[in-house]
Number of protein chains: 2
Amino acid sequence: MDATSESEVDVLIVGAGPAGLMLATWLSKLNIRTRIIDKRPACIATGQADGFQCRTLEILDSFGIDRVWKEANRMLEVCFWNPDADGVIRRTGRTPDTPKGFSRFTECVLHQGRMERFFLDHLREDGDTVRVERPVLPSVLTIDESALDDPSAYPITVRLRHFTDEQATPDNPPGSDIPNGLFRSNLTADDTDSLIKTSSDASTNRDEIVRARYLVGCDGAHSWVRKQLGFKMEGEHTEIIWGVLDVIPVTDFPDIRVRSLIHSASAGSLMVIPRENRVVRLYIQLKEVSEGGGAVDRSKVTPGQILAAAQKIIAPYTLTYERCDWFTAYQIAQRVSDRFDLSERVFLAGDAVHTHSPKAGQGQNVSLQDSYNLGWKIGLVVRGQATRDILKTYASERQQIARDLIAFDQKFSKLFSGRPAKDVSDETGISLEEFRSVFHQGAVFAAGLSVDYGPNVLVVKEDDGDVHCVPSLASKIPIGMRLASHKVINQSDALPVELQRLLPSDGRFRLVVFPGDISNLDIRTRYDKLGEYLSNPTGVISAYTSRTAARDSVIEVLTVHSASRTEIELQELPEAFHPFDKARGWDYRKVYADDESYHEGHGRVYENFGIDGEEGCIVVVRPDGYVATIVRMDDTRSLEAYFARFMIKA
Amino acid sequence: MDATSESEVDVLIVGAGPAGLMLATWLSKLNIRTRIIDKRPACIATGQADGFQCRTLEILDSFGIDRVWKEANRMLEVCFWNPDADGVIRRTGRTPDTPKGFSRFTECVLHQGRMERFFLDHLREDGDTVRVERPVLPSVLTIDESALDDPSAYPITVRLRHFTDEQATPDNPPGSDIPNGLFRSNLTADDTDSLIKTSSDASTNRDEIVRARYLVGCDGAHSWVRKQLGFKMEGEHTEIIWGVLDVIPVTDFPDIRVRSLIHSASAGSLMVIPRENRVVRLYIQLKEVSEGGGAVDRSKVTPGQILAAAQKIIAPYTLTYERCDWFTAYQIAQRVSDRFDLSERVFLAGDAVHTHSPKAGQGQNVSLQDSYNLGWKIGLVVRGQATRDILKTYASERQQIARDLIAFDQKFSKLFSGRPAKDVSDETGISLEEFRSVFHQGAVFAAGLSVDYGPNVLVVKEDDGDVHCVPSLASKIPIGMRLASHKVINQSDALPVELQRLLPSDGRFRLVVFPGDISNLDIRTRYDKLGEYLSNPTGVISAYTSRTAARDSVIEVLTVHSASRTEIELQELPEAFHPFDKARGWDYRKVYADDESYHEGHGRVYENFGIDGEEGCIVVVRPDGYVATIVRMDDTRSLEAYFARFMIKA
């Protein structure tokens, strides 16, 4: 072995799955020195997660990643199949998968490996400074507790070992040439120790020492980082075994291209998830494997055996396939880690802190949203723009989401694994009505749109004396939740734009100013006064923006007025609302109207947000698109008080 | 020089601008052996054409090229500026640039080089069999007239010379480091002879002989191919000189981000075309250059001189820039070639057969649509699926479009170059009303949606004895025009899809079957009967589809029924409408409903197309999306008669 090299980095990410790649994407965007390592020699080609929530699609879109939405299969309808009086399955209901009005996106399905590919492509196009290093495993973690609170310190030291690709490639089980996920399944023990094959030639491996300001474990259910910290996964697992098949089905079952929830009379349940390129994912209850209880014999889990179980459930319809892309099996285990970080220096995200059943399509979404919550916070602290206080909000915000997830999954899974009720008097069976009702109640959660961060240093939900938050000014904008999207019209060129498109993930806070109808003189005067304040060298923008940086580089000011677009001339509005640049002229991308567009209707933002066109308001939006607080148009003191809580003056 | 190599190819394309690249894209898609050469060493990086019509965007979309639409600036509004009584320019009107309901796209603007890049990327992804060879010039053309009608012959021989990049790179005029288009401008003579710098080392060049079945000249206004054929450009040019500037403007002119048509009182006219990335293209009447008459002094045309002219027109508003991407100047010349092909073996497309003013944004659109019309015809003939008769329709269809283009351009340019009327009594001046009216009348043409191919071997517009065309069955589908798009709902998964998305450019004819409300038994019976016929080994599908090819590979059958989607089960419909494949199961992408979608409204296709839900009809669509004919649901004889006109049995 060579002499061990040593180096420093701002953030070291362990694990390049959805959570790790999202974090790397954020940190790359914010120009934070970042390294990301993974124990696998390549990103996955088949299988694993596949469901994309509305909120995940909104987040990907905020990074300019639209390829999931373009390539994925939109899963629009859910059909319920239950046994009739003769025990024959019948379609008993039909409902949209994503209710109308939730989001500009709907749930869709694409295999995880494609999204990982899109993240990698995006990282490459975004400066190519962050690349996944693989196969690399961490081996020793030490933390200098004396330096935890020193913003300039590198208190974390990790020893890494680089392996060869062959050493880290898992073998498929004998007798099958179909890729499978059994080696990652929770039916089997952590394979990390056995993953790396011993090489007789030790020189093929290389060790190095990395000192980091922050370490983030995105390293999955068997998280090495979590084990080093000694955190505990709390919760339970059920005995029921589910098989998963990704196939191109040949079937006369009518609802194979919609999400179908099939409860057979006595052969168990099956869920159909229609995927991209004719593929369908089938989740199949494996009664025969389960019934034995205790340890599962991995060799019993073959595609043929899973298919046979599916055929019994779906009868009298036929189901076969010529092509199987992937298969796996799992037991439902619902667990949450007791802690999410150590001293705001080491963080855990994704499966490393929560595991649950995959059938609701939540896994990669919640994982990716964990690190979406974390990335900008680390970024602003490393850049010296915010105090370390904001890092505390990661655990407080995300641990609650993980608990909600488990509660949701327990309800959902139980109904799904249960036996259908024979009739209304059958109390231990699950009635179709019960199932539908849980399904509907869960829809907002399942879409990722119920996330509601509680009050903390970043979120002010009511008047707290310093920040005079007035939620009623925008009665339909829930503070702590993501700002919903509606179409607004660009003042200068009449382009209809989704409001969320104006909030790209680039690390900036935003003041979304809703001045009201500025064709009215009084309202206009109030708006002009705000503009004067925002241009002021003692105002809140100047406080946090260095003189050499662009005026909108830390806090961006956007306007959505409710006057008719054609009654307003952009040139007459205060410069703070459309900053001037000597080389590029005025900024034409800051002022919008809540007005009818030429081709795409009217967004009715004021109405949808419950904002009064006379009173107006200022909505403060966090860099992740969640609403921080809402204040009066003239309440610039509250703006100052809000940012003074955690921002560092320039 | 080395011994000259000789080779054969199906199609040789001269010129890799929009027309040439579109043709290469078509032929690549149809797997036709194709070569494409260009005299320039690289595709253009700035300047040239920039306007994209609705129809062009539909066509690009039909090849899966969506990057123009994604990247371009949507130009949504037109503002008219005219002098008031004091001679000061004022905004006198405002109107949408593309009227609502024209297309799912609106006019947009992006520089030509980006589109060329997208075509090249697409060619690479589409098998990478067609690559642009450059810099390569044709030097000798010979045609074997005895072999013109022999489908297996290669009657065309072209001698090509390969040059080095340095030899073919044009010099910028002295004193300017801004890229400009003067070397391509019609103010100067054809530069092809002077383009290539003499090399002292003759071995840097290489000659070769190519024998081709077809030759297509897409080689611009100074077309070498056209000159070899001796065809004449007929028409005239005006004396007025226009300058063009691509700049990032610094201006207080309010309408700099919309299309503005500014007529000053006495300083001439200016058109603002807002572009991508803050760039704006300005078309500026150069009165001072023009006034001298006669030959233009190229050295007088500089960005500074063009800007000075613009400043006079736009006063009292200010206009400057720090960055200029490109500039050029031109005289308006409106000419059409007297012939478009030689014996259906050598074809001309694009600027090689029509030139006109660029201000209406038509140039690259009509050029690209020329070769879009031609590509599939050559493709089907080379593949032995169609007779050479269909090649005659190229000239007959496109020459008329070129004439319409010139007529449109003459009207449009005249108004634009004219002096604004002082008041209603000013008869030689051009009134605002006159201008607006021509502008509005021209909108359908300018959007590329007025193209209406007359009756010919491919288009049957009325009952001609063999093909019993019944236009009234779809009273709002004009035969000979492109099939408009409306949303339809996929039967199997409820996905709303634009009808045009079901008509990708892949060389197939389509029978779009509108059976009506198939939940009605009589209507269903008629539909089932058609299905039976289409599966029949003596039916029209079998006649032209080899037994080893996929059933839908030559003529694809699509259904749009008007029953409620949830009342129909795909599995119960005849197999002809959703063909079965042993490995892939049933085809879920052929049957659609004209029904309400879950999230995107109702397309109302039957209503928009004027189709009766009881009577139904079959719409025959050409591979380029233009409607060939319309027949009754039970009139399978007319289908046979239509295809017998030009198709070759398998």
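Residues numbered from 1 in each chain as written. Chains lettered and ligands numbered in written order. Predicted model: local features only at pLDDT ≥ 70, side-chain atom pairs only at ≥ 80, totals over all residues. Heavy atoms only, no water.

Here we take up the environment of Glu208(B). Residue and element names in this part refer to chain B. Looking at the element boundaries, Glu208 is found in strand 11 (residues 206-217). When the C-alpha atoms of Glu208 and His162 are compared, they prove to be 8.3 Å apart, with 46 residues separating the residues in sequence. For Glu208, the side chain forms a polar contact with the side chain of His162, separated by 2.8 Å. (Helix = DSSP H or I, 4+ residues; strand = E, 2+ residues; numbered from the N terminus. Polar contact = N/O pair within 3.5 Å; in protein donor to acceptor, adjacent residues only side chain to side chain.)

With that out of the way, let us pick up the environment of Ile630(B). Residue and element names in this part refer to chain B. Along the chain, the position of Ile630 falls in strand 28 (residues 627-631). Spatially, the C-alpha atoms of Ile630 and Leu473 are 7.3 Å apart, while their sequence positions differ by 157 residues. When neighbours within four sequence positions are excluded, Ile630 is seen to be in contact with His468, Cys469, Val470, Pro471, Leu473, Ala474, Ile477, Ile479, Cys617, Ile618 and Val619. (Contact = heavy atoms within 4.5 Å.)

What follows deals with the sheet that holds strand 22 (residues 509-516) of chain A. Residue and element names in this part refer to chain A. Strands sit in the order 21-20-26-23-22-27-28 across an open sheet of seven strands; the sheet is mixed. Only two strands of the sheet have a single neighbouring strand rather than two, namely strand 21 (496-498) and strand 28 (627-631). Neighbouring strand axes in the sheet, compared pairwise and without regard to direction, differ in orientation by 30 degrees on average. Here strand 22 pairs with strand 23 (residues 555-561) via six bridges, running parallel. Bridge assignment links Leu511 to a residue of strand 23, and that residue is Val557. Helix 14 (residues 521-535) rests against strand 22, strand 23, strand 26 (591-593) and strand 27 (617-621) of the sheet, and its axis sits at about 155 degrees to strand 22. (Pairing = 2+ DSSP bridges. Axes fitted to C-alpha atoms, helices over the stretch in contact; angles between N-to-C directions.)

Residues and elements named next belong to chain B. Strand order in the open sheet formed by seven strands is 21-20-26-23-22-27-28, with mixed pairing between adjacent strands. Every other strand in the sheet has two partners, leaving strand 21 (496-498) and strand 28 as the edge strands with one partner each. Direction aside, the axes of adjacent strands within the sheet are offset by 30 degrees on average. Where strand 23 (residues 555-561) lies against strand 26 (residues 591-593), three bridges are found, and the strand directions are parallel. Bridging from a neighbouring strand, Val560 pairs with Tyr592 of strand 26.

Right, let's talk about the packing of aromatic side chains for a bit. For the coordinates displayed, the defined rule picks out 52 aromatic pairs over all chains. Relative to Tyr317(B), the ring of Trp81(B) has its centre 5.7 Å away and its plane inclined at 90 degrees; by these criteria the two rings are edge-to-face. In this pair, Trp81(B) sits in strand 5 (residues 77-83) while Tyr317(B) sits in the loop between helix 9 (303-314) and strand 16 (319-337), placing the two residues 236 residues apart along the sequence. On the basis of an interplanar angle of 35 degrees and a centroid distance of 5.4 Å, the ring pair of Phe509(B) and Phe646(B) is categorised as tilted. With Phe509(B) in strand 22 (residues 509-516) and Phe646(B) in the segment after helix 17 (636-644), this residue pair connects regions lying 137 residues apart in the sequence. Each member of the pair, Phe509(B) as well as Phe646(B), is classed as buried. Ring pairing ties together the aromatic residues Trp376(A), Phe509(A), Tyr544(A), Tyr642(A), Phe643(A) and Phe646(A), which thus form one cluster. If you follow Arg213(A) out to its NZ or CZ, it ends over the ring of Tyr154(A), 4.3 Å from the centre. (Phe/Tyr/Trp six-rings, centres within 6.5 Å; stacked < 30°, edge-to-face > 60°. Buried < 20%, exposed > 50% of the residue type's maximum accessible area, 1.4 Å probe, protein only. Lys NZ or Arg CZ within 6 Å of the ring centre and 35° of its normal.)

Residues and elements named next belong to chain B. When helix 12 (residues 432-441) is considered as a whole, its buried residues turn out to be Leu432, Phe435, Arg436, Val438 and Phe439. The arc enclosing the buried residues of helix 12, seen along the axis, measures out at 165 degrees, which places them on a common side. Turned more than 90 degrees from where helix 12 packs its buried face, Glu433 and Gln441 sit exposed. Looking at the packing, one finds that the buried side of helix 12 touches strand 5, strand 6 (89-96), strand 13 (259-263), helix 11 (392-417) and helix 13 (443-446). (Arc of directions from axis to C-beta.)

Time to look at the pairing of strand 14 (residues 269-274) of chain B. Residue and element names in this part refer to chain B. Counting buried positions along strand 14 gives six out of six residues, so the element sits mostly inside the fold. Because side chains alternate across strand 14, one face comprises the buried residues Ser269, Met271 and Ile273, and the other comprises Leu270, Val272 and Pro274, equally buried. Pairing geometry for strand 13 and strand 14, over four bridges, is antiparallel. Its bridge partner lying in strand 14, Ile262 is registered against Leu270. Here five bridges tie strand 14 to strand 15 (residues 280-285), and the two strands are oriented antiparallel to one another. Bridge pairing in strand 15 links Leu270 to Ile284. In sequence, strand 14 turns back onto strand 15 through a hairpin of five residues, with Asn277 there showing a positive phi of about 50 degrees.

All names here are of chain B. The tally for this structure, following the rule as stated, stands at 105 salt bridges over all chains. In this structure, Arg35 and Glu208 form a salt bridge, with 2.6 Å as the shortest nitrogen-oxygen distance. Residue Arg35 is found in strand 2 (residues 34-37), and its partner Glu208 is found in strand 11; the two are separated by 173 residues along the sequence. With a relative accessible area of 5%, Glu208 lands in the buried category. (Salt bridge = Lys/Arg side-chain N within 4 Å of Asp/Glu carboxyl O.)

The subject of this paragraph is the UniProt feature "domain: Phenol hydroxylase-like C-terminal dimerisation" (unreviewed entry) in chain A. As recorded in UniProt, the sites labelled "domain: Phenol hydroxylase-like C-terminal dimerisation" (unreviewed entry) are residues 451-649 of chain A. Between the end C-alpha atoms of residues 451-649 of chain A the distance is 31 Å, and the span holds 17% helix and 20% strand. (UniProt positions renumbered as here; feature names shortened; annotations may be inferred.)

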